[in-house]
Amino acid sequence: MQNDIVQDIAIMLSYTMQDLPDVEKIESPIPEVKKDDLIIKNTMYKSPKLRKMHLELAEIKGMKILHAVFFPDPHYKLPIFGCDIVATDKAVTAAIVDVSPIEGVPDTFYKEIAEVSNHYSFKGRRALPLWGDDIFSPYCKFARLDEDIDMANFYCVVLHYLRIFRNSVLDAKKETFWVDTMKRLDDQIWYCESQKKNDKTRGILEHWFDKEYADMYMNEVLFDEPSIKSIPSTSI
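The paragraphs below set out a description of the structure included in this document. (Residues numbered from 1 in each chain as written. Predicted model: local features only at pLDDT ≥ 70, side-chain atom pairs only at ≥ 80, totals over all residues. Heavy atoms only, no water.)

The helix and strand tally for the protein stands at 6 helices and 8 strands. Going residue by residue from the N terminus, the α and β elements of the protein occur as α-β-β-β-β-β-β-β-α-β-α-α-α-α. Taken over the C-alpha trace, the protein has a radius of gyration of 17 Å; the compact-globule value for 236 residues is 18 Å, and the two agree within 12%. By its C-alpha atoms, the protein is 50 × 45 × 35 Å across when sized along the principal axes. Here the protein holds 236 residues, and 50% of them are scored as buried. Sequence separation of 24 or more characterises 62% of the internal contacts of the protein that already satisfy a separation of 6 or more. Here the protein carries 30 positive and 39 negative side-chain charges, and the mean point of each set is 1 Å from the other. (Helix = DSSP H or I, 4+ residues; strand = E, 2+ residues; numbered from the N terminus. Rg over C-alpha atoms; globule rule 2.2 N^0.38 Å. Buried < 20%, exposed > 50% of the residue type's maximum accessible area, 1.4 Å probe, protein only. Contact = heavy atoms within 4.5 Å. Lys, Arg positive; Asp, Glu negative; His and termini not counted. Charge placed at Lys NZ, Arg CZ, Asp CG, Glu CD.)

If you want it as structure tokens, here you go:
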């Protein structure tokens, strides 16, 4: 079941991405990587309210990895949805899901998230890395999953967080006040800069390739930062 959870959540995420209104597939800078025992596949979409939805699936010598992040258009008061899973045949060594705070996200959103979060706990709870202190919400779930019940519960958390996030995307209204838009842009940049401090991700990439490739993959595929140029001038 350990590897099944990666497949099951990947299906859930993929369906959610493609089911949003006016969604468009976008070309990943690196759609697929194959090197020795390493296989990586990247799928990306965008919609009018989400600038980028990214699902990465990787396999390395019996280990399966899922990485997903949904970045909002900064004009909308939406958080960043993120989920990562690392699974072997014996256990899910790391599973994390969160809706990271961004300027202006209403309290009502996190009230719904809190109700879900308070319903689930995990025996194998793991400590967040120091670089994550400023970007993860109090409702972030990060754990090792050893038992089937833990995996089932994690699946439920992802399902509920994703449902609340999707409903918020559908209801979100575009904000034209440029100061708040810029604050949300800065929050996304800080999120990306913080994620790039993840030495484990960078170390894996450098092991299989080199430092230059790892930098490129982190900056252009995983955590590309939005820029002022991406915001229409009529809104500034």
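What follows is about the pattern of salt bridges. For the structure on display, the rule yields 9 salt bridges. Two residues, Asp-224 and Arg-51, come together in a salt bridge whose shortest N-O distance is 3.6 Å. In this pair, Asp-224 is assigned in the segment after α6 (211–222) and Arg-51 in strand β4 (residues 50–60), connecting sequence segments 173 residues apart. Salt-bridge contacts for Glu-175 lead to Arg-184; the nearest nitrogen and oxygen are separated by 3.0 Å. Glu-175 gets classed as buried once you look at its relative accessible area, which sits at 14%. Salt bridges sharing partners connect three or more residues here, namely Arg-51, Lys-52 and Asp-224. (Salt bridge = Lys/Arg side-chain N within 4 Å of Asp/Glu carboxyl O.)

Core analysis: the largest hydrophobic core is formed by 73 residues, its most contacted members being Ile-9, Leu-66, Phe-81, Ile-85 and Phe-154. A total of 9 residues in this core trace back to one element, the largest contributor, which is helix α3 (residues 148–171). (Core = buried A, V, L, I, M, F, W, Y, C linked by side-chain atoms within 4.5 Å.)

So, on to the pairing of β4. Judged by how many residues are buried, β4 sits mostly within the fold: 8 of 11 residues are covered. Relative to β4, strand β3 (residues 38–47) is paired through 9 bridges, and the arrangement is antiparallel. For Leu-38, the partnering residue across the bridge sits in β4 and is Ile-60. Adjacent in sequence and paired antiparallel, β3 and β4 are bridged by 2 residues. Remark: 2 residues form the turn of the hairpin made by β4 and strand β5 (residues 63–72), two consecutive strands paired antiparallel; Lys-61 in that turn has positive phi of roughly 50°. (Pairing = 2+ DSSP bridges.)

As enumerated under the stated definition, the model contains 10 aromatic pairs in all. Aromatic side chains Phe-109 and Tyr-110 sit 5.0 Å apart centroid to centroid with 90° between the ring planes, which places their arrangement in the edge-to-face category. Pair check on accessibility: Phe-109 and Tyr-110 agree, each one buried. Ring centres of Phe-122 and Phe-154 lie 6.3 Å apart, and the angle between their planes is 65°; this geometry places the pair in the edge-to-face category. (Phe/Tyr/Trp six-rings, centres within 6.5 Å; stacked < 30°, edge-to-face > 60°.)

Here we take up the packing of helix α2 (residues 107–117) against α3. It is at 10 Å that the axes of α2 and α3 come closest, and there the two elements cross at 170°. When the axes of α2 and α3 are compared, the pair comes out roughly antiparallel. Pair α2 / α3 crosses with right-handed handedness. Residues Phe-109, Glu-112, Ile-113, Val-116 and Ser-117 of α2 form the contact with α3, whose own contacting residues are His-160, Tyr-161, Ile-164, Phe-165 and Ser-168. (Axes fitted to C-alpha atoms, helices over the stretch in contact; angles between N-to-C directions. Parallel < 35°, antiparallel > 145°, perpendicular 65-115°, else oblique. Left-handed = near helix turned anticlockwise from the far one by under 90°.)

We now examine the pairing of β3. Pairing of strand β1 (residues 24–26) with β3 involves 3 bridges; the strand directions are antiparallel. Directly across from Ile-26, in β3, lies its bridge partner Met-44. Bridge count between strand β2 (residues 32–35) and β3: 4 bridges; the pairing is antiparallel. Across the sheet, residue Lys-34 finds its bridge partner in β3, namely Ile-39. Counted between consecutive antiparallel strands, the loop separating β2 from β3 contains 2 residues, among which Asp-36 sits at a positive phi close to 55°.

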